[in-house]
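Architecture at a glance
Given next are the chains, with one letter for each unit.
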Amino acid sequence: MLRAEHLSKRYRQGEKEVVALLGFTYAFPKGATAVVGPSGSGKTTLLNLLAGFDLPSEGGVYLDNLPLHQLPEDERARVRLEYMGFVFQQWNLIPTLTAWENVAFPLLLVGRPRKERQERAFALLERVGLAHRLHHLPSRLSGGEQQRVALARALALDPPVLFADEPTGNLDAESREQVATLLFEAGKERTLILVTHDLELARRAGHILHLKGGRLVREETPKAKG
Ligand SMILES: Nc1ncnc2c1ncn2[C@@H]1O[C@H](COP(=O)(O)OP(=O)(O)O)[C@@H](O)[C@H]1O
Ligand SMILES: [Mg+2]
């Protein structure tokens, strides 16, 4: 389980200090938790701290009681690779690798043999409806297809924690629905943290956290959705 305790982040901007996040405490349960709030409310800052991309000014992040914020960068990177998956607004696929090679990339990083990498990547791409796109380069895929490749890649090492930052922000309505459905499906059995300004998307999560000015101002549990 992923837990944040009294998490704060201050940025120095010349003479000024920007408080991007202040005293954020929350234990993320299994299933989807959406983080919403206006632009500049601290959503991306929070995600960066939870994933250990960045370090808090105060407070801590615990992954199954492992203090992530106390680990050096290389160990945080290792924890990210093995325990966390990421789907961002920008797809960040490697342009010179095919769809399956992109999905298999995390498996390559942890030294899995080629046969296993290929089987796993093919199975994941099939799961996201892209069995017919295995050998395509990203440039030959639509935005929605690229985002589904990114989701398959995020799931390659079956991470218990999945982060998504505006994962549907760049997509048309139909692709948005496909990606959202797949994302929440993947989030059922893991901890999914979904940053979005799309309230409709957020309402499909089990919990909604409202950030404002860097503070957690409201926690909401939407009624069971149909
Ligand atoms: N690297 C940075 N340096 C200085 N200020 C930053 C930095 N990153 C974010 N901020 C500030 O922190 C606040 C929260 O930003 P952010 O977490 O990106 O909000 P959101 O993702 O909700 O739009 C904003 O006021 C932003 O300008
Ligand atoms: Mg943001």
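First, a word on what this report is: a plain description of the structure on this page. Note that the structure is a prediction, hence the values are computed from the model and not measured.

1. Some remarks on the nonpolar core
Among the nonpolar cores identified, the biggest contains 38 residues, and Leu125, Val149, Leu151 and Leu162 are the most heavily contacted of them. Counting only elements with at least two residues in this core, the list comes to strand S3 (31-36), helix H3 (99-109), helix H4 (114-127), helix H5 (143-154), strand S7 (161-165), helix H6 (173-187), strand S8 (191-195) and helix H7 (199-202). Setting aside residues no more than four positions away along its own chain, Val149 makes contact with Leu93, Ala99, Asn102, Val103, Leu125, Leu130 and Leu141. Ranked by size, the runner-up nonpolar core spans 26 residues in total, among them Leu47, Val61, Met84 and Phe86.

2. Structural notes on the packing of H3 against H4
Think of two packed helices as two axes; the pair is described by the angle between the axes and how far apart they sit. Two elements in contact, H3 and H4, have axes whose closest approach is 8 Å; the angle formed by their N-to-C orientations is 125 degrees. The orientation of H3 relative to H4 falls into the category oblique. As for the relative orientation of H3 and H4, their crossing is right-handed in sense. Listed contacts from H4 to Ala99, Trp100, Val103, Ala104, Leu107 and Leu108 of H3 are Arg114, Arg117, Gln118, Arg120, Ala121, Phe122, Leu124 and Leu125. Of the residues that constitute the contact of H3 with H4, the class distribution is ten nonpolar, one polar and three charged.

Each value, and the rule that gives it
Residues numbered from 1 in each chain as written. Chains lettered and ligands numbered in written order. Predicted model: local features only at pLDDT ≥ 70, side-chain atom pairs only at ≥ 80, totals over all residues. Heavy atoms only, no water. Core = buried A, V, L, I, M, F, W, Y, C linked by side-chain atoms within 4.5 Å. Buried < 20%, exposed > 50% of the residue type's maximum accessible area, 1.4 Å probe, protein only. Helix = DSSP H or I, 4+ residues; strand = E, 2+ residues; numbered from the N terminus. Contact = heavy atoms within 4.5 Å. Axes fitted to C-alpha atoms, helices over the stretch in contact; angles between N-to-C directions. Parallel < 35°, antiparallel > 145°, perpendicular 65-115°, else oblique. Left-handed = near helix turned anticlockwise from the far one by under 90°. Nonpolar A, V, L, I, M, F, W, Y, C, P; charged D, E, K, R; others polar.

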